[in-house]
Amino acid sequence: MAKELIKGNEAVVKGAILAGCSLYFGYPITPASEIAESAASYFPMSGGTFIQAESEVAAINMVYGASSTGSRAMTASSGPGLSLKQEGISYLAGAELPCVIVDVMRAGPGLGNIWPEQSDYNQIVKGGGHGNYKVIVLAPNSAQEMCDFTMLAFDLADKYRNPVIVLTDAYIGQMMEPVEFPNKRKEVPYRDYALYGDKKTRHNLITSILMNTELLEKHNIKLGKKYQEVEENEVKFEAMYTDDAELILMGYGIVSRMLQNVVETLRQEGKKVGLLRPITLFPFPNQKIAELADTADKFLVAELSDGQMINDVRLALNGKKEVHLFNRMGGAVPSVEELLEAARKYI
Amino acid sequence: MKAQVLAKPKAFYDKFERKGGTNLETTHYCPGCGHGNIHKILAEAIVDFGIQDRTVLVSPVGCSVFAYYYFDIGNVQAAHGRAPAVATGLKRSNKDSIVISYQGDGDLAAIGGAEILNAANRGENITVIFINNAIYGMTGGQMAPTTMVGQKTKTSPFGRSSENEGHPIRMCEIISTLEAPVYVERTALVDFKSINRTKKVLRKALQNQIDNKGFSFVEILAPCPTGWKMSSVDSQKWIEEKMIPYFPVKVFKDISDDIEPRSIKKKTLTDKEILDVLGLAPSGKADTVDKDFLGKFSEQKMKIAGFGGQGVLTAGVMLAAMAMEENLEVSWLPSYGPEMRGGTANCSVHLSNKRIGSPLTTNPNVLIAMNGPSLDAFEDTVEKDGLIITNSSIVDRKVKRDDVKAIEIPLTEMASKMGMTAVANMICIGAYLELTKVIDTATAKDTIKQHLKKKEFVDINLKAIDEGVKYIRENYS
Ligand SMILES: Cc1ncc(C[n+]2csc(CCOP(=O)(O)OP(=O)(O)O)c2C)c(N)n1
Ligand code: SF4
């Protein structure tokens, strides 16, 4: 283990290389540019490839090409770039190609601004591109998790032959924290469906087109089963003081860091408050929420958006308990004090 | 010209199973379609060059989307217009493969304009085969960027008007203005002579790639009898009479003989080399620090602020790094967003003996104000009983709060006396450490030695720490 004080965005790059990723294709955008900048040095230096593509559209399609050859490949961007990548992500999901995409969210809509928001939740977690598909979404809240989840993302992508998105925000990306890195690079698994440019794999075909309605329906059903398997096996969340909590606070990414302080403060005052932080946004911790619905009275969801994740919480609660929203938008990040005040209203 | 019945080249599947249906012998292309002929020419070349196993064809969106029905080679199907980007990814990942981007005119010259131009400009070592049939075949005969002026299509029912739709785009001409492409030629499918020429041109474009010479671009004027609503014979005539005068058939650029083959040697690094490159050599240092001492203070929530150039961000990083060396939990967040105004910079630094929640300091218990505006901005936010250190060389007022511990240090003056104003931040760190004892000064100095990139400044920075410690001992003990 080597420990380094490092920015979240840079931890992504080192984690990716240690996960065996050898190709990075990107297009600059604040606040994700540091990922591209650091990839531009570290990928070539470690024997890999870095290309600044002509657009996010091109970048995701380069990932598609590279992934077709059995290599681990990635790209990173922010909201406006993710909007452009959606076409490619749909193709990757359709062709069942693994890849990792990092979205360092900024504020929108349109050009918005470069400060943190969590308003890409819907476009990332709910698909965003055309067709019936899903991507696995991981939401780190520390520099360490930026590294760890990027590495995990590559494994999940290969395991399920599907794109995995690391959904993060400007704060987590900019922040420096100590990160422990493994001291071995991962082996990239052999993909028997890929095109290695040899006799053995010559007959392989990477495509998402299926003209026959029955075959395409079957393909969709198969994808659906895969996502179900993901839901059964890959749910991750962090629960703090939830067992006896009357009020459950929910938030992911940077918001969960503030909520940690809120819960700790309220617990010191003897208030029965807990924190549930979804780590995977798809698959969503529905079951955990349903369980908490039996023990807790109220839920408060804090988001840097107009209330996107809260809809998934509502679905999971299925009307059993009241759910409230605390939100900020436009790049404003609430202070711990602001969130404390919001939480007190429901105690 | 009658469609020639050639023996099926070996690079075609014997039976087109992927096509499905009952007729597995013939292609899905219309009679007289250019795609069928070009497929055959390409398949023959692949066999003759002995590259069947390592060739990957990127099929586009267009009538040739189903090229993979036929070619017994690696096949990847790309989104509309993106084939050159996909080909880039394929080739960059596997430099030994032979990658062909096969595209129609809508795909390449309209929706994929950026992708083809930039792949060409990067000089990707790929072969692009561009079928210019002046129409969108697959979607039923709409206007293409290469549709001739006056040509009627479903979306130019009165004939393409240059005023409304502009003139047909000449891709060879555009691509050949770029530095990187090695070979750019336009051919046509009209007679035996031109078909033979096309065979040669395609082979040359492939040979360049096999020799690792770079980007080759072949544009082929090809008939779409269905889209043009013409017979095969009339289609060939139309190419000759209408297209060739506007799209001259010739070599636009050929520097393949002057080009040195590029090296495609692969660098494979060992784990150790990778860790070195990433700057992650394991330190071998065990977690030996006694965490009990950490109980001595609760979380330090610091705001360090000043003018850009006063090294406030560096001071924060350095403090975080020092604390990390003592196995504290640390976080550093630079001023980001609406806070950052008027040329001032600040950072939030948290040092704690337990997991850190918010990395954003809104109510610091330590404020380091390197200039007046920083004190003005953050004085009121400091927690009761907190610590405020001001740089009294620049801050021209006292701390107004009487419920905090205020320390004034002429940081800039002290630093200039040392001969380097840039070490004011380190003097301040020294003072802070002496005041709080959060981090051992020996650890602090080790960290500076490790982290300071410019080694020639290590000594003066270490001295600055001492100066800070000394100032507090002499003035505030
Ligand atoms: C994003 C997107 N837009 C539009 C289409 C519909 N479409 C399919 S093929 C095609 C045009 C193809 O024309 P061309 O590239 O000239 O190839 P041809 O069929 O003539 O060989 C279009 C517009 C699509 N598949 N995807
Ligand atoms: S529509 Fe035109 S391009 Fe498409 S198959 Fe028929 S002739 Fe060929």
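Residues numbered from 1 in each chain as written. Chains lettered and ligands numbered in written order. Predicted model: local features only at pLDDT ≥ 70, side-chain atom pairs only at ≥ 80, totals over all residues. Heavy atoms only, no water.

Caption draft 1: Region of the structure containing the overall build of chain B. Each helix and strand in chain B was counted, giving 16 helices and 13 strands. Expected size for 477 residues packed as a compact globule is a radius of gyration near 23 Å; at 35 Å, chain B overshoots this value by more than 25%. Projected onto the principal axes, the alpha-carbon positions of chain B cover approximately 105 × 55 × 45 Å. Each of the 477 residues in chain B was classed as buried or not, and the buried ones make up 57%. Considering only residue pairs separated by 6 or more positions, chain B has 64% of its internal contacts joining residues 24 or more positions apart. As displayed, chain B offers around 20,000 Å² of accessible surface, 52% of which is attributable to carbon and sulfur atoms. Here chain B carries 59 positive and 56 negative side-chain charges, and the mean point of each set is 5 Å from the other. (Helix = DSSP H or I, 4+ residues; strand = E, 2+ residues; numbered from the N terminus. Rg over C-alpha atoms; globule rule 2.2 N^0.38 Å. Buried < 20%, exposed > 50% of the residue type's maximum accessible area, 1.4 Å probe, protein only. Contact = heavy atoms within 4.5 Å. Areas by Shrake-Rupley, 256 points an atom, 1.4 Å probe, with all protein chains shown as cover. Lys, Arg positive; Asp, Glu negative; His and termini not counted. Charge placed at Lys NZ, Arg CZ, Asp CG, Glu CD.)

Caption draft 2: Expanded view of the site of ligand 1. All names here are of chain B. Around ligand 1, the structure places 16 residues, and the nearest of them are His35, Cys63, Asp105, Asp107 and Gly137. Interatomic distance of 2.8 Å between a backbone N/O atom of Asp107 and an oxygen atom of ligand 1. Between an oxygen atom of ligand 1 and a main-chain N or O atom of Ile135, the distance comes to 3.0 Å. Across the complex, the protein chains shield 76% of the 590 Å² of accessible surface that ligand 1 would expose by itself. For the shell around ligand 1, the element with the most residues is helix H3 (residues 105–111), which contributes four residues. Here the residues of the shell around ligand 1 are counted per class, giving six nonpolar, eight polar and two charged. (Near = heavy atom within 4 Å. Polar contact = N/O pair within 3.5 Å; in protein donor to acceptor, adjacent residues only side chain to side chain. Nonpolar A, V, L, I, M, F, W, Y, C, P; charged D, E, K, R; others polar.)

Caption draft 3: Geometry of the sheet that holds strand S6 (residues 216–221) of chain B. With respect to topology, eight strands assemble into an open sheet ordered S9(A)-S2(B)-S1(B)-S3(B)-S4(B)-S6(B)-S5(B)-S7(B), the strand pairing being mixed. Bordering the open sheet on either side are strand S9 (205–206) of chain A together with strand S7 (251–254) of chain B, each of which pairs with just one other strand. When strand S1 (residues 55–59) of chain B meets strand S2 (residues 74–77) of chain B, the two strands line up parallel, connected through four bridges. Paired with Val58 of chain B across the bridge in S2 of chain B is Val76 of chain B. Across the sheet, helix H1 (residues 34–49) of chain B touches S1, strand S3 (98–104), strand S4 (127–132) and S6 of chain B, and the angle it forms with S3 of chain B is around 170°. (Pairing = 2+ DSSP bridges. Axes fitted to C-alpha atoms, helices over the stretch in contact; angles between N-to-C directions.)

Caption draft 4: Expanded view of the nonpolar core. In this structure, Met74, Leu249, Met250 and Leu281 of chain A together with Phe217 of chain B are the most contacted members of the largest nonpolar core, which totals 156 residues. Contacts of Leu281 of chain A, omitting those with residues within four sequence positions, involve Tyr121, Val125, Val137, Ala139, Leu167, Tyr252 and Met309 of chain A. One finds Met322, Val423, Leu433 and Ile465 of chain B within the second-largest nonpolar core, a separate group that totals 55 residues. (Core = buried A, V, L, I, M, F, W, Y, C linked by side-chain atoms within 4.5 Å.)

Caption draft 5: Region of the structure containing the pattern of salt bridges. Residue and element names in this part refer to chain A. With the rule as written, the count across this model stands at 46 salt bridges over all chains. Across the pair Asp155 and Arg72 runs a salt bridge whose closest N-O atoms are separated by 3.1 Å. Note that Asp155 is positioned in helix H6 (residues 143–160) and Arg72 in strand S4 (residues 72–77), a separation of 83 residues in sequence. The partner of Asp294 in a salt bridge is Lys320, and the shortest N-O contact between them spans 3.7 Å. With Asp294 in helix H10 (residues 286–295) and Lys320 in the loop between helix H11 (309–317) and strand S15 (322–327), this pair connects stretches of sequence that are 26 residues apart. One continuous salt-bridge network, built from bridges that share partners, spans Arg72, Asp155, Asp158, Lys186 and Arg191. (Salt bridge = Lys/Arg side-chain N within 4 Å of Asp/Glu carboxyl O.)

Caption draft 6: Geometry of the site of ligand 2. What surrounds ligand 2 is the set Tyr29, Cys30, Cys33, His35, Cys63, Asn133, Gly137, Cys224, Pro225 and Thr226 of chain B. For the shell around ligand 2, the per-class residue count stands at six nonpolar, four polar and no charged.

Caption draft 7: Summary view of the domain arrangement of chain A. Residues and elements named next belong to chain A. Each domain of chain A was delimited in the assignment, giving domain 1 (2–233) and domain 2 (237–344). Each of domain 1 and domain 2 has a C-alpha centre, and the two are 27 Å apart. Domain 1 puts 33 residues into the contact, and the matching count from domain 2 is 25 residues. In terms of surface lost to domain 2, no three residues of domain 1 exceed Gln118, Tyr121 and Asn141, which account for 30% of the buried area on that side. Across the salt bridge formed by Arg277 and Glu145, the nearest N and O atoms sit 2.7 Å from each other. The interface formed by domain 1 and domain 2 contains 18 residue pairs in polar contact (both at pLDDT 80 or more). The set of elements that each furnish at least two residues to the side of domain 1 that touches domain 2 consists of helix H5 (121–125), strand S6 (136–138), H6, strand S7 (163–169), helix H7 (170–174) and helix H8 (213–233). Class assignment for the residues of the side of domain 1 that touches domain 2 results in 19 nonpolar, six polar and eight charged. (Domains from an automatic or database assignment. Buried area = accessible area lost by both parts, 1.4 Å probe.)

Caption draft 8: Highlighting the interface of chain B and chain A. Listed as interface residues are 69 residues of chain B and, on the opposing side, 73 residues of chain A. Between chain B and chain A, the buried area comes to about 5,900 Å², and carbon and sulfur atoms account for 60% of it. Joining chain B to chain A, the criterion identifies seven salt bridges. For Arg82 of chain B, the salt bridge goes to Glu87 of chain A, with nearest N and O atoms at 3.0 Å.

Caption draft 9: Here's a closer look at the packing of aromatic side chains. Taken as a whole, this structure holds 17 aromatic pairs over all chains when the rule is applied. The interplanar angle of 90° and the centroid separation of 6.2 Å between the aromatic rings of Phe12 of chain B and Phe16 of chain B together place this pair among those described as edge-to-face. Relative accessible area serves as the criterion here: at 6%, Phe12 of chain B is assigned to the buried category. Classification of Phe16 of chain B by relative accessible area gives buried; the value is 1%. Members of the aromatic cluster, connected to one another through ring pairs, are Phe12, Phe16, Tyr29, Phe66, Tyr68, Tyr69, Tyr70 and Phe71 of chain B. Here the basic side chain of Arg161 of chain A rests over the ring of Tyr193 of chain A, its NZ or CZ set 3.5 Å away from the ring centre. Note that Arg170 of chain B overlies the ring of Tyr246 of chain B, its terminal NZ or CZ placed 3.7 Å from the centroid. (Phe/Tyr/Trp six-rings, centres within 6.5 Å; stacked < 30°, edge-to-face > 60°. Lys NZ or Arg CZ within 6 Å of the ring centre and 35° of its normal.)

Caption draft 10: Focus on unusual backbone geometry. A cis geometry characterises the amide bond from Gly108 of chain A onward to Pro109 of chain A, with omega recorded as 0°. Structurally, the position occupied by Pro109 of chain A is in the loop between strand S5 (99–105) and H5. For the peptide bond that leads from Phe282 of chain A to Pro283 of chain A, omega is 5°, which places it in the cis range. Structurally, Pro283 of chain A is set in the loop between strand S13 (280–282) and H10. Located in the positive-phi region is Asn318 of chain A, a residue other than glycine, with phi close to 50°. Counting through the fold element by element, Asn318 of chain A comes out in the loop between H11 and S15. Under the relative-accessibility criterion, Asn318 of chain A is labelled exposed at 64%. Residue Ala134 of chain B is not a glycine yet carries a positive backbone phi of 60°. With respect to the helices, strands and loops of the structure, Ala134 of chain B is situated in the loop between S4 and helix H5 (162–165). The class of Ala134 of chain B is buried, set by a relative accessible area of 0%.

Caption draft 11: Spatial organisation of the environment of Phe326 of chain A. Residue and element names in this part refer to chain A. On the secondary structure map, Phe326 appears in strand S15. On a C-alpha basis, the gap between Phe326 and Ala293 in space is 19 Å, while along the polypeptide they are 33 residues apart. Apart from the residues within four sequence positions on either side, Phe326 is in contact with Leu300, Val301, Ala302, Glu303, Pro334, Glu338, Leu339 and Ala342.

Caption draft 12: Representation of a nonpolar patch on the surface in the model. All names here are of chain A. A grouping of Leu210, Leu215 and Leu216 is seen on the molecular surface, where their side chains present a nonpolar patch of about 210 Å² in accessible area. Counting through the fold element by element, Leu216 comes out in helix H8. A relative accessible area of 31% places Leu216 in the partly exposed class. (Patch = residues over 30% accessible without salt bridge, like charges linked within 9 Å, V, L, I, M, F, W, Y side chains within 5 Å.)

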